[in-house]
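Chain by chain, the residues:
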Amino acid sequence: MNKIRSLDDLRKMKQNLKSDISIREKSDKAEEMVRIRVAMATCGIAAGARDVMNTLLAKVEKDSLPVVVTQGGCMGYCYAEPTIEVAIPGKDPVVFGNVDSAKALEIVDKYIVGGELIDGVIPVNYQTIQEKL
Amino acid sequence: MNDLAMHILDIVQNSISAGAKNIWIEVLVSVARDLLSISIRDDGKGMTPEMIAKVTDPYCTTRTTRKVGLGLPLFRQTAEQAGGSLSIESTLGVGTTVTANFGLNHIDRPPMGDLANAYVLLLGANPDINLILHYVTDENEFSVSTREINEALDGLPLNDPQVMRMIYEMVESNI
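Nothing here was measured: the structure is a model prediction, and the numbers come from that model.

1. Considerations on the overall build of chain A
Okay, step 1: Helices and strands together make up the secondary structure of chain A, namely six helices and five strands.
Okay, step 2: Element order for chain A, N to C, with α for helix and β for strand: α-α-β-α-α-β-β-β-α-β-α.
Okay, step 3: For chain A, buried positions account for 46% of its 133 residues.
Okay, step 4: Of all intrachain contacts in chain A linking residues separated by at least 6 positions in sequence, the fraction that spans at least 24 positions is 57%.

2. A short note on helix α6 (residues 161-172) of chain B
Residues and elements named next belong to chain B.
Okay, step 1: Relative to the 16 Å expected for twelve residues at 1.5 Å per residue, α6 spans 16 Å between its end C-alpha atoms, a close match to the ideal helical length.
Okay, step 2: Within the sequence span of α6, burial applies to P161, V163, M164, M166, I167, E169, M170 and V171.
Okay, step 3: N-cap assignment for α6: the residue whose side-chain oxygen lies 2.9 Å from the backbone N of Q162 is D160.

3. Let's talk about the sheet that holds strand β2 (residues 67-72) of chain A
By definition, the strands of a sheet pair up through backbone hydrogen bonds, in either a parallel or an antiparallel sense.
All names here are of chain A.
Okay, step 1: Taken together, the five strands give an open sheet; going across it, the order is β2-β1-β3-β4-β5, and neighbouring strands pair in mixed fashion. Both outer strands of the open sheet, β2 and β5 (121-122), are each paired with one neighbouring strand and no more.
Okay, step 2: Here three bridges tie strand β3 (residues 84-87) to strand β4 (residues 94-96), and the two strands are oriented antiparallel to one another. Bridge pairing in β4 places I84 opposite F96.
Okay, step 3: Each of β1 (34-39), β2, β3 and β4 is contacted by helix α5 (residues 101-113), which is oriented at about 25° to β3, the strand it contacts most.

How each quantity is defined
- Residues numbered from 1 in each chain as written.
- Chains lettered and ligands numbered in written order.
- Predicted model: local features only at pLDDT ≥ 70, side-chain atom pairs only at ≥ 80, totals over all residues.
- Heavy atoms only, no water.
- Helix = DSSP H or I, 4+ residues; strand = E, 2+ residues; numbered from the N terminus.
- Buried < 20%, exposed > 50% of the residue type's maximum accessible area, 1.4 Å probe, protein only.
- Contact = heavy atoms within 4.5 Å.
- Expected span 1.5 Å × (residues − 1).
- Polar contact = N/O pair within 3.5 Å; in protein donor to acceptor, adjacent residues only side chain to side chain.
- Pairing = 2+ DSSP bridges.
- Axes fitted to C-alpha atoms, helices over the stretch in contact; angles between N-to-C directions.

Written as structure tokens, this is what we have:
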């Protein structure tokens, strides 16, 4: 395959892209996608958030997962950076702290795909029984 | 911060927080002038002169989640330790330009890092902002923008990893 060097190459590549249709279908169902937000303020970047985001993107592409990886700002958990927020449709968003590339892959495989609970969650919104009522 | 691409990732977040619609990342690499210059310009809400005077103070931040803001102070420190400087120009309601100059051959200048990767990560995470990369060397010049990429890809989502990899390859082969 030739290397993509220009906008014209990009145009040609698009026509050859087998998954073009599935990519479009995915974007139409944005609300059904899992959303991973990597905190990328100064604290996150300095702690390695860029590597985590690159790892997640490669993983999502390799396994063709219905996941959108995006960036967020600092949530005040600078001590636990890199942090990522995982929002599975229909569930409360969960924030994981001290995420390196290995942890990121574990979160995708076990929490997102497998539905297991795993260590590393920063409790964000603790609700008492009264609050829930 | 291990490389200059990380600083770019970081400083562009300021422009995004300022509500910019267009963000220009300009990188000049001149062997002849022994200069590496990184300029991040936006059409966000801009700053008052008082704010400009304060932003490279680590104890200044607009956010409410914590009391320190290290993005610009770290960028300035990196520039100054590499024989350069950081300057900020801003007009309220018009936009802000942050420029950092480095001695290209200075022993303490961090490596550029993966500029194409920084561009694509920002592009994918902020598809609604027109992000322009302008890369200039003594011999060459390369320019690309979200708008042009969107036109070429005819509405394919820019946050799809496969699409991001294609864009990365395109940018990376030109810089």
